[in-house]
Amino acid sequence: MSMKNGKILRVNLTTKDITTENIDSGAARSFLGSKGLAAYYLFKELRRGVDPLSPENKLVFMTGPLTGTKAPSSCRFVVCTKSPLTGAWVDSSCGGFWGPELRFAGFDGIIVEGRAESPVYIHISDGEASIRDAGFLWGMGTIDTISYLRERHKSDRTVRVATIGPAGEKQARLAAVIADMRAAGRGGTGAVMGSKKLKAISVVGHGKVPIADPQKFNSLAKEAHKENKEDSARMAAMGTASIVKLVNSTGGWPTRNFSESQWDEAAEELAGETFQKTLWGGGKYVKPCYNCPIRCAHLAVIREGKYAGISDEGPEYETISLFGPNCGIKSREVITVADRMCDNYGIDTISLGNTIGFVMECVERGLVSLEEIDGVDLRFGNEEAFLKAVNMAGNVYGNLGRLLANGVKRAAEKIGKGSEKFAMHVKGLEIPAYVPRAGHGHALAYAVADRGACHLRPWLYGAEHFFGKLNPSTTEDKPEAVKLGQQNRALIHSSGLCQFAVSEDMLYESLLQMINAATGFNYTVDEFRLVGERINNLTRSFNCREGFTSKDDTLPYRSTNEPLPTGPQKGQVIRLSEMLPEYYRVCGWSEDGVPTKEKLEELRLDFVIEDLY
Ligand code: SF4
């Protein structure tokens, strides 16, 4: 059983050089794929202090060893770079069909370098790549760009397109990359693409993904499909929106810029059950990603009222919550329209919903005058003003558009007057749709995640509130749980599978077996665990090289000083300082949160030691 090495496409937009290189087999085994492999390239190739929006930054699109295979939900690719939003590491994952198509076209990843003189797109077809003029596409929304490039490169297969919209072109720091109407949303990867004047990457391929032991792999994949299908009835019916009522009842639903954590009336209106009965056509309208038995994704169709005729892939839990209660809004239609607009403009709904909620609170407190924000009466619950704000942010126009499009940290710096205390971000990345004060575990995860406030590395809200595995009120056990969860998530995010297809129980069993059968790496459980830890230490080291230390592992003032006013955890604030030293200790890092030489040696990250010390 032997592994066939994948290929990387390297495109320099300044020199117009296009080259192909084999992935180093040692690196592939050490870093697995997707996030891990992208971190390997970016750590080695970027210099400390690079301006994220300069030609010297690089943008890496990377698939994992299971992307495009028969494994369930094998749709994922990541977009990685030094984030223009945070100045830290960012990997942003995307589903759909683009990742598999890239592998069918013969590449595991693309490294984009430099900056084009004028707008271009890259077209890839069965191992060949070319840089083409995109002047006529510049200014176009993602929906039209995708349709146009599909038509222009029409073949016997659907051409898959990853693109930016106006937000990315204008280098809004919240800009996303959109592929098949799915988003690599977080951290401003779309702005880096825009800074390179790269509008899109279209791809079509007819090849197959190499598998080291096809017979074994196919039988493992078949079994995993069956298990996923059996376990996913709730996700299939309502997607991630299935947890709306649960998060509300457990007191973690962000309401009015995270100042509250419950809103019962809105939870009824915005529950997955209600979306299913109304806009999702009783569950008939599904839009699943490549080869997915779970099929969590729905298509919303508005048939009546002011917004009749608009359809949207989604919305899912995060968008519903941050555009909904966090902005004081409970209209399914308004949230659906805003989601569709954001997909078309190419802007992250999580970060934008968080930032709009923040500006709404500033307006309500009189910290911002309406004159300063173009006369838009952006108060909680004002639907018209909310949609106007989404439009202005997505197109980056007016004072309000520019204020919102660059995220909550910069908005708070501009507004000042103490507003920083309720600007809900960590390291500049906006907090997603679980109120930090509701639980110590997920709050610690926000504080220390490599890309800033992230609910997925790991997702401890469930362990604390749904499954009774962790006590949300105490600091005990949380450092170990976060460390272990980060390693596990690093593995999932490097595998090429959707995280909804990999339960913690599957990770070191069927996922590991599928990876071994696909790659021939023959990892033991311990080696595989070490790969996760290695990746997590590598992205942490990337951040340390940029000057991030324990001083940046923080939570907003609101989370650590203002008692939670509602819900089962009423009165709680997060005691972060009690957890951080133990977290660093279990990670094998210094008191400043820097991986020690000994830890880096243990993980065979010698090239990191040279740079960090
Ligand atoms: S579970 Fe949902 S997001 Fe994941 S691959 Fe399936 S449809 Fe896509």
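Given the structure is predicted, the values throughout are model-derived calculations rather than measurements. (Residues numbered from 1 in each chain as written. Predicted model: local features only at pLDDT ≥ 70, side-chain atom pairs only at ≥ 80, totals over all residues.)

Some details on the overall build of the protein
Right, so step 1: Counting its secondary structure elements, the protein contains 26 helices and 16 strands.
Right, so step 2: Over its C-alpha atoms the protein spans a radius of gyration of 22 Å, differing by no more than 12% from the 25 Å that the globule rule assigns to 613 residues.
Right, so step 3: The principal-axis extents of the C-alpha atoms in the protein amount to approximately 65 × 55 × 50 Å.
Right, so step 4: Going through the 613 residues of the protein one by one, you find that 62% of them count as buried.
Right, so step 5: Within the protein, contacts between residues separated by at least 24 positions form 70% of all contacts whose residues are at least 6 apart in sequence. (Helix = DSSP H or I, 4+ residues; strand = E, 2+ residues; numbered from the N terminus. Rg over C-alpha atoms; globule rule 2.2 N^0.38 Å. Buried ≥ 20, exposed ≤ 12 C-beta atoms within 10 Å, placed from the backbone. Contact = placed C-beta atoms within 7 Å.)

Examining the nonpolar core
Right, so step 1: By size, the foremost hydrophobic cluster in this structure holds 205 residues, and its most contacted members are A39, V177, I347, V359, A389, L404 and M514.
Right, so step 2: Here this core gets eight residues from one element, more than from any other, and that element is helix α14 (residues 349-364).
Right, so step 3: Those residues within four positions of I347 in sequence are excluded, and the remaining contacts are A167, A172, L174, A175, A176, C342, L352, A393, G394 and A405. (Core = buried A, V, L, I, M, F, W, Y, C linked by C-beta atoms within 7 Å.)

Examining the domain arrangement of the protein
Right, so step 1: Its domain assignment divides the protein into domain 1 (7-204), domain 2 (234-423) and domain 3 (436-456 + 458-492 + 523-612).
Right, so step 2: The distance between the C-alpha centroids of domain 1 and domain 2 comes to 26 Å.
Right, so step 3: Taken together, the contact between domain 1 and domain 2 spans 29 residues of the former and 23 residues of the latter.
Right, so step 4: For the side of domain 1 that touches domain 2, the leading source of residues is helix α5 (residues 166-169), giving three residues. (Domains from an automatic or database assignment.)

So, the site of the ligand
Right, so step 1: The immediate surroundings of the ligand are formed by S73, C75, G95, P288, C289, C292, I294, R295, C296, A297, C498 and F500.
Right, so step 2: Counted by class, the shell around the ligand contains nine nonpolar, two polar and one charged residues.
Right, so step 3: Residue assignment places the shell around the ligand across two domains, with domain 1 (7-204) and domain 2 (234-423) each supplying three or more. (Near = placed C-beta within 6 Å. Nonpolar A, V, L, I, M, F, W, Y, C, P; charged D, E, K, R; others polar.)

Focus on the sheet that holds strand β4 (residues 77-82)
Right, so step 1: Spatial ordering of the open sheet is given by β2-β1-β6-β3-β4-β5, a layout of six strands whose pairing is mixed. Each edge of the open sheet carries a strand with a single partner, namely β2 (18-22) and β5 (89-94). Between one strand and the next, the sheet's axes are offset by a mean angle of 20 degrees, whatever the strand orientation.
Right, so step 2: Note that strand β3 (residues 59-63) and strand β6 (residues 109-113) share four bridges and pair antiparallel. Residue pairing across strands places V60 opposite I111, the latter belonging to β6.
Right, so step 3: Running over the sheet, helix α2 (residues 34-45) touches β3, β4, β5 and β6 and is turned about 25 degrees from β4. (Pairing = 2+ DSSP bridges. Axes fitted to C-alpha atoms, helices over the stretch in contact; angles between N-to-C directions.)

Considerations on the sheet that holds strand β8 (residues 128-133)
Right, so step 1: Read from one edge of the open sheet, six strands run β8-β7-β12-β9-β10-β11, paired in mixed fashion. Lying at the two open borders of the sheet, with one neighbouring strand each, are β8 and β11 (182-184). Looking at each pair of strands side by side, their axes are set apart by 20 degrees on average, direction ignored.
Right, so step 2: As paired elements, strand β9 (residues 160-163) and strand β12 (residues 198-204) share four bridges and run antiparallel to each other. Within β12, the residue paired with A162 across the bridge is I201.
Right, so step 3: Those strands touched by helix α4 (residues 142-152) are β9, β10 (177-179) and β12, and its axis lies near 145 degrees from that of β9.

Regarding the environment of Y461
Right, so step 1: Topologically, Y461 is positioned in helix α19 (residues 461-465).
Right, so step 2: Accessibility expressed as a C-beta count within 10 Å gives 26 for Y461, which makes it buried.
Right, so step 3: Between the C-alpha atom of Y461 and that of E260, which follows or precedes it by 201 residues, the distance is 17 Å.
Right, so step 4: Not counting residues within four places of it along the chain, the set of residues in contact with Y461 comprises G252, Y434, G439, H442 and H455.

Notes on helix α22 (residues 525-545)
Right, so step 1: Look at α22: 30 Å from first C-alpha to last across 21 residues, which is about the 30 Å you get at 1.5 Å a residue.
Right, so step 2: Just beyond α22, the residue with positive phi is G547, at close to 100 degrees. (Expected span 1.5 Å × (residues − 1).)

Thoughts on the pairing of β9
Right, so step 1: Every second residue of β9 is oriented toward a common face, with R160 and A162 on one face and V161 and T163 on the other, all of them buried.
Right, so step 2: One ladder, built from two bridges, connects β9 with β10; its direction is antiparallel. Counted as the bridge partner of A162 is A179 from β10.

Quick look at the environment of D144
Right, so step 1: Positionally, D144 belongs in helix α4.
Right, so step 2: Residue D144 is classed as partly exposed on the basis of its C-beta count, with 14 C-beta atoms lying within 10 Å.

Considerations on the environment of R47
Right, so step 1: With respect to the helices and strands, R47 occurs in the loop between α2 and β3.
Right, so step 2: You can call R47 exposed: it has 9 C-beta atoms within 10 Å.
Right, so step 3: It is 40 Å that separates the C-alpha atoms of R47 and L367, two residues lying 320 residues apart in sequence.

Observations regarding the packing of helix α15 (residues 383-395) against helix α16 (residues 398-405)
Right, so step 1: Following both chains from N to C, one finds α15 and α16 inclined at 75 degrees, their axes separated by 7 Å at the closest point. Overall, the two elements α15 and α16 adopt an arrangement that is roughly perpendicular. Along the contact surface, α15 presents A389, M392, A393 and N395, while α16 presents G398, L400, G401, L404 and A405.
Right, so step 2: Across the contact of α15 with α16, the residue classes break down as six nonpolar, three polar and no charged. (Parallel < 35°, antiparallel > 145°, perpendicular 65-115°, else oblique.)

Let's talk about the pairing of β2
Right, so step 1: β2 sits mainly on the outside: zero of its five residues count as buried.
Right, so step 2: Sheet topology note: the strand β1 (residues 7-12)/β2 ladder contains five bridges and is antiparallel. Following the sheet pairing, R10 is matched in β2 by T19.
Right, so step 3: Between β1 and β2, which pair antiparallel one after the other, the connecting turn spans five residues, and K16 there sits at a positive phi close to 65 degrees.

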